[in-house]
Amino acid sequence: MSIVMTTRPPEAPSNKVASFKPTLLQTEEHHLCPGCGEPVAIRLVLEVIEELGLAQKNVSIIGHGCYGSFIMTMDVDSTLCLHGRAPAVATGLKRMRPEVAVWTLQGDGDMTSEGLAEILHATARGENITCILLNNGVFGDTGGQMTASSVIGQRTKNTLEGRDAAYHGHPIVIGNMVAAMPGSAYVARGSVHNAASIAATRRLIRKGFQRQMEKKGLSLVEILTMCPTGWFVPASGGADYMMESLGKTYPLGEIKDISASE
Amino acid sequence: MTMRLMDGSEAIVEAAIQAGLRFYAGYPMSPATELLEYMAEKLPHHEGVCINAATEIEGVNMALGAAAGGFRAASGSCGQGLALMQEAIAEAALNETPIVIFNMARNQQDYFQATRGGGWGDYRTITLAPKDLHEAVEHAQLAFHLADKYRVPVIFMGDNLLARTQMGTTLPQLDLEPLPPKDWQLDGTSGGTGKSRQIWTFGCGKTNDPGPGPSKHWERIAAKFDAIAEVEARHEQGFVDDAETLVIAFGSGGKFVEHVVREMRADGHKVGYFRPITLWPFPGDALEAASQDCKRVLVFELNAGQMIDDVKLNVRDRKLVKAIGGVSFDESGLNLGPLMDATVIRERIALAINGASQ
Ligand SMILES: Cc1ncc(C[n+]2csc(CCOP(=O)(O)OP(=O)(O)O)c2C)c(N)n1
Ligand code: SF4
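Chains are numbered independently. Their residues run from 1 in the order of the written sequence. For naming, the first written chain is A and the first written ligand is 1, with later ones following in the order written. Residue-level local features of this predicted model are given only where pLDDT is at least 70; pairs of side-chain atoms are given and counted only at 80 or more, and the full residue set underlies all totals for whole chains, interfaces and linings. In computing side-chain properties, one takes all heavy atoms of the structure into account and sets aside hydrogens as well as water.

1. Points about the overall build of chain A
Here's step 1: Helix and strand definitions here come from DSSP, where helices need a minimum of 4 consecutive H or I residues and strands a minimum of 2 consecutive E residues; each element is numbered from the N-terminal end. Counting secondary structure elements, chain A contains 10 helices and nine strands.
Here's step 2: Radius of gyration means the value over C-alpha atoms here, while the globule rule gives 2.2 Å times the residue count to the 0.38 power. Expected size for 262 residues packed as a compact globule is a radius of gyration near 18 Å; at 19 Å, chain A falls within 12% of this value.
Here's step 3: Along the first, second and third principal axes, the C-alpha set of chain A runs to 65 × 50 × 35 Å.
Here's step 4: Buried, partly exposed and exposed residues are distinguished by accessible area as a fraction of the type maximum, computed with a 1.4 Å probe on protein chains only: under 20%, between the cut-offs, and over 50%, respectively. Out of the 262 residues in chain A, the part that is buried amounts to 56%.
Here's step 5: Taking the intrachain contacts of chain A between residues at least 6 apart in sequence as the baseline, contacts between residues at least 24 apart amount to 69%.
Here's step 6: Summed over all atoms, the accessible surface of chain A reaches about 10800 Å², with 58% contributed by carbon and sulfur.
Here's step 7: His is not counted, nor are the chain ends; Lys and Arg add positive charge and Asp and Glu add negative charge. Charge placement uses NZ in Lys and CZ in Arg. For Asp and Glu, CG and CD serve respectively. Side-chain charges in chain A split into 23 positive and 25 negative, and the spacing between the mean points of these groups amounts to 5 Å. We call two residues contacting when some pair of their heavy atoms lies within 4.5 Å. Residue burial considers only the protein chains on display, and all accessible areas are found by Shrake-Rupley using a 1.4 Å probe.

Spelled out as structure tokens, the structure:
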């Protein structure tokens, strides 16, 4: 390595990790809010797909939520399907094209509110698909209302005093439900609130896709993502708020790995 | 091809598979249930897949997925089940995914939800209503052809008579024009090439290849349905030239009416029949021509009056139009009722004619 002596700062700013664009993104620009965790999570998925050599062997099935706009920027064969139905659409496609890595991208509203039947039945059938759940505990896209995954005490636009179990019911912990079913191969929960969790989550996503390619069954990788807008906290406060609220109901880590027990 | 005695449902399934159907997902509902059973039995022997869906919503969305992958795919049900599918049928129309929905109806009360565009948005569904099994096995092929040709959802509208009547039938191979390859299908091979594919109701395209956006996209879809309406209307008619009375019916009802009109003609009555084969596009111009010199236009349908709206829109004077059908189920509430009977139909036609002359 040659050392160039200089008294001035470098002419170009040094590259931050985040300024390398995965090839499967046509642009780094997005129109999501500052401090939103979803772009980070999606980027991880795209990097993993590329790493695993699946760039030209994958189809994404995208639900309805803020992440939906990535259908315009992801350079991946994609469809944005009806709210909640991604695992069903993915089932039809995967059964006919078993060689392709089929993955869904859903929010907690999309998966645990509107689409609970679809994810559970896809799991029961043991569909070989990889489901990515971006869990922020709210309907972000519609402005921050309660979903089935909102945690007890969480204030949303339609639980102004906080989610009250007696009045609004209990959160659905979908990861554990899916893990308890024989059709699932891999279930894990990651997060994007700091660099270490981002790195760990990338490994979880990788395993999620590997289990599909090994034809082991359904994998669900849940990723806790910041939604400062829907939580009514400053952009910079999203990470802390997330781990104090969602993080307590949704502990991070692998929940099930069928391959590890073999 | 040799003639075989088959259940209607079996013949329809055989014809659909012959037409290239490879994916079916459905949920039982009488009288569409046997279709699902035959699909489950036969598709796996033809490199196909049949999934017993947990709901009609799940089933039709699975079919959308298989169709997005480039395969001929279908779902099926009737009545309430068709109602559950409407969001997805609209989606197929707006994101241009060709699927076929087999609506083996309990009655004729699904006319509105089949022809009006029962979901959200400006679209219609091509709806084929065969009068008997011979036509049904042709329509099973035509449905997939039209779906692929226009990239639209197509409804095949049957009933319990079609589904459950046994009939000796051959499976003729329709001579249909070749269609272009599905260069839009999601096969997963275009990632990272800058030309990745997209199926999306909002039509916004990708960053490096923007689409027209929602308003223009939906305008184009609506124009496509207008164009389909111009060329795909089909009908059958008989004895219309000197008919004073024209009787209009669809599906099995059309077959009954045709029979009754032939009988009445033999007895010297100036009666004719007209049967829309496509419920949408409704053969309005043809009806206008056929009813030009009629004194009365009678509509026979087993519901409280649905197709009659389309008839009134397409005859020279809506006051000529009279309903001679009605709601009619058997005791179970699951099948066509006693009104679907040649004697009853003849009485009602005669009453309309005589009542008018008194
Ligand atoms: C059938 C239907 N109902 C409601 C909506 C409105 N809608 C669009 S996005 C959305 C919320 C999505 O929330 P989530 O999946 O949690 O994603 P987020 O926006 O939080 O990322 C809703 C309710 C819709 N598009 N379709
Ligand atoms: S509303 Fe929430 S989920 Fe949506 S873009 Fe903003 S921060 Fe992200």
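2. Quick notes on the site of ligand 1
Here's step 1: For each residue, the test is whether any non-hydrogen atom lies within 4 Å of the molecule or strand; if one does, the residue is near. Close contacts around ligand 1 come from 18 residues, with Glu38(A), Gly109(A), Asp110(A), Gly140(A) and Asp141(A) the closest.
Here's step 2: This site is not confined to one chain, since residues near ligand 1 come from chains A and B.
Here's step 3: Between N or O atoms, a polar contact is any pair within 3.5 Å; within protein, one atom must be a potential hydrogen donor and the other a potential acceptor, and residues adjacent in sequence are included only when both atoms are from side chains. Here a nitrogen atom of ligand 1 sits 3.2 Å away from a polar atom, N or O, in the side chain of His64(A).
Here's step 4: Interatomic distance of 3.0 Å between a backbone N/O atom of Val138(A) and an oxygen atom of ligand 1.

3. Some details on the side chain of Glu96(B)
Residue and element names in this part refer to chain B.
Here's step 1: Inspection of the secondary structure assignment puts Glu96 in the loop between helix H4 (79–95) and strand S5 (99–105).
Here's step 2: At a separation of 2.6 Å, a polar atom in the side chain of Glu96 contacts the side chain of Arg220.
Here's step 3: Within polar-contact distance, the side chain of Glu96 engages the side chain of Lys224 at 2.6 Å.

4. Some remarks on the domain arrangement of chain B
Residue and element names in this part refer to chain B.
Here's step 1: Once the domains are mapped, chain B shows domain 1 (4–169) and domain 2 (235–357).
Here's step 2: Tallying the contact residues gives 27 residues for domain 1 and 32 residues for domain 2.
Here's step 3: Two parts lose some accessible area (1.4 Å probe) when they are put together, and adding that loss for both gives the buried area. Carbon and sulfur atoms supply 52% of the area buried between domain 1 and domain 2, which totals about 2500 Å² over both sides.
Here's step 4: In terms of surface lost to domain 2, no three residues of domain 1 exceed Gln108, Tyr111 and Lys131, which account for 31% of the buried area on that side.
Here's step 5: Salt-bridge detection follows one rule: a side-chain nitrogen of Lys or Arg within 4 Å of a carboxyl oxygen of Asp or Glu. For the pair domain 1 and domain 2, the interface holds five salt bridges.
Here's step 6: In this structure, the connection of domain 1 to domain 2 is made through 20 residue pairs in polar contact (both at pLDDT 80 or more).
Here's step 7: Mapped by element, the contributors of at least two residues to the side of domain 1 that touches domain 2 are helix H5 (111–115), strand S6 (126–128), helix H6 (133–150), strand S7 (153–159) and helix H7 (160–164).
Here's step 8: By residue class, the composition of the side of domain 1 that touches domain 2 is nine nonpolar, nine polar and nine charged. An automatic or database domain assignment is the source of the domain bounds shown. Each residue gets one of three labels, nonpolar for Ala, Val, Leu, Ile, Met, Phe, Trp, Tyr, Cys and Pro, charged for Asp, Glu, Lys and Arg, and polar for the others, Gly among them.

5. A short note on the sheet that holds strand S1 (residues 58–62) of chain A
Here's step 1: One open sheet accounts for eight strands, arranged S9(A)-S7(A)-S8(A)-S4(A)-S3(A)-S1(A)-S2(A)-S9(B); its pairing is mixed. Bordering the open sheet on either side are strand S9 (253–257) of chain A together with strand S9 (198–200) of chain B, each of which pairs with just one other strand. Strand-to-strand twist in this sheet, taken as the mean axis angle between neighbours without regard to direction, amounts to 15 degrees.
Here's step 2: Here six bridges tie strand S4 (residues 130–135) of chain A to strand S8 (residues 218–224) of chain A, and the two strands are oriented parallel to one another. Residue Thr130(A) lies in a different strand from S8(A), and its bridge partner there is Ser219(A).
Here's step 3: Contacts from helix H7 (residues 195–213) of chain A reach strand S3 (101–107), S4, strand S7 (184–191), S8 and S9 of chain A, with the element oriented near 165 degrees to S7(A). At least two bridges found by DSSP between two strands are what make those strands a pair. Comment: axis = line fitted to C-alpha atoms, over the contacting stretch for helices; angle = value between 0 and 180 degrees taken between N-to-C directions.

6. Some points on the interface of chain B and chain A
Here's step 1: Counting residues at the interface gives 39 residues for chain B and 35 residues for chain A.
Here's step 2: Summed over both partners, the interface of chain B with chain A buries about 3100 Å², with 58% contributed by carbon and sulfur atoms.
Here's step 3: Where chain B packs against chain A, one counts one salt bridge.
Here's step 4: We note a salt bridge from Arg125(A) to Glu58(B), for which the minimum N-O separation is 2.9 Å.
Here's step 5: One can count 24 residue pairs in polar contact (both at pLDDT 80 or more) joining chain B with chain A.
Here's step 6: Only strand S2 (21–26), strand S3 (49–52), helix H3 (56–68), H4, S9 and strand S10 (205–206) of chain B provide two or more residues apiece to the side of chain B that touches chain A.
Here's step 7: For the side of chain B that touches chain A, the element with the most residues is H3(B), which contributes seven residues.
Here's step 8: The residue makeup of the side of chain B that touches chain A, split by class, is 14 nonpolar, 16 polar and nine charged.
Here's step 9: Pairing geometry for strand S2 (residues 77–80) of chain A and S9(B), over three bridges, is parallel. Note that in S9(B) the partner of Ser78(A) across the bridge is Gln198(B).

7. Overview of the confidence of the model for chain B
Here's step 1: Residue-level confidence of the predictor, termed pLDDT, takes values from 0 up to 100. Looking at chain B as a whole, its pLDDT mean stands at 96, while 99% of the residues score no less than 70.
Here's step 2: Complex prediction metrics read pTM 0.95 and ipTM 0.96.

8. Remarks on the pattern of salt bridges
Residues and elements named next belong to chain A.
Here's step 1: Within the structure shown, the criterion is met by 40 salt bridges over all chains.
Here's step 2: A salt bridge links Glu47 to Arg43, with the shortest nitrogen-to-oxygen separation between them at 3.3 Å. Linking Glu47 with Arg43, this pair stays in helix H1 (residues 38–51), spanning four residues, or about one helical turn.
Here's step 3: The class for Arg43 is buried, based on a relative accessible area of 13%.
Here's step 4: Between Arg189 and Glu222 there is a salt bridge; the shortest N-O distance is 3.1 Å. One end of the pair, Arg189, is in strand S7; the other, Glu222, is in strand S8, and 33 residues separate them in sequence. Taken as a pair, Arg189 and Glu222 share a single burial class, namely buried.
Here's step 5: Bridged by salt links that share partners, the residues Glu28, Arg43, Glu47, Glu51, Arg202 and Arg206 form one connected network.

9. Focus on H1(A)
All names here are of chain A.
Here's step 1: Taking 1.5 Å as the rise per residue, H1 with 14 residues should run 20 Å; its terminal C-alpha atoms sit 20 Å apart, in good agreement.
Here's step 2: On its buried face, H1 is in contact with S1, S3, S4, H7 and S8.
Here's step 3: Two residues or fewer past H1, Gly53 is found with a positive phi of approximately 75 degrees. Expected helix span is computed as 1.5 Å times (number of residues minus one).

10. Regarding the packing of aromatic side chains
Two aromatic rings, taken as a pair, are described by how far apart their centres are and by the angle between their planes.
Residues and elements named next belong to chain B.
Here's step 1: A pair of Phe, Tyr and Trp rings is counted when the ring centres sit within 6.5 Å of each other, with Trp represented by its six-membered ring. The angle between the planes then sorts it: under 30 degrees is stacked, over 60 is edge-to-face, the rest tilted. All chains considered together, the criterion is met by 11 aromatic pairs over all chains.
Here's step 2: Between the aromatic rings of Trp200 and Phe202, the centroid separation amounts to 5.9 Å while the plane-to-plane angle is 25 degrees, which identifies the pairing as stacked.
Here's step 3: With a relative accessible area of 35%, Phe202 lands in the partly exposed category.
Here's step 4: Here the aromatic cluster, defined as three or more aromatic residues joined through ring pairs, consists of Trp120, Trp200, Phe202 and Trp218.

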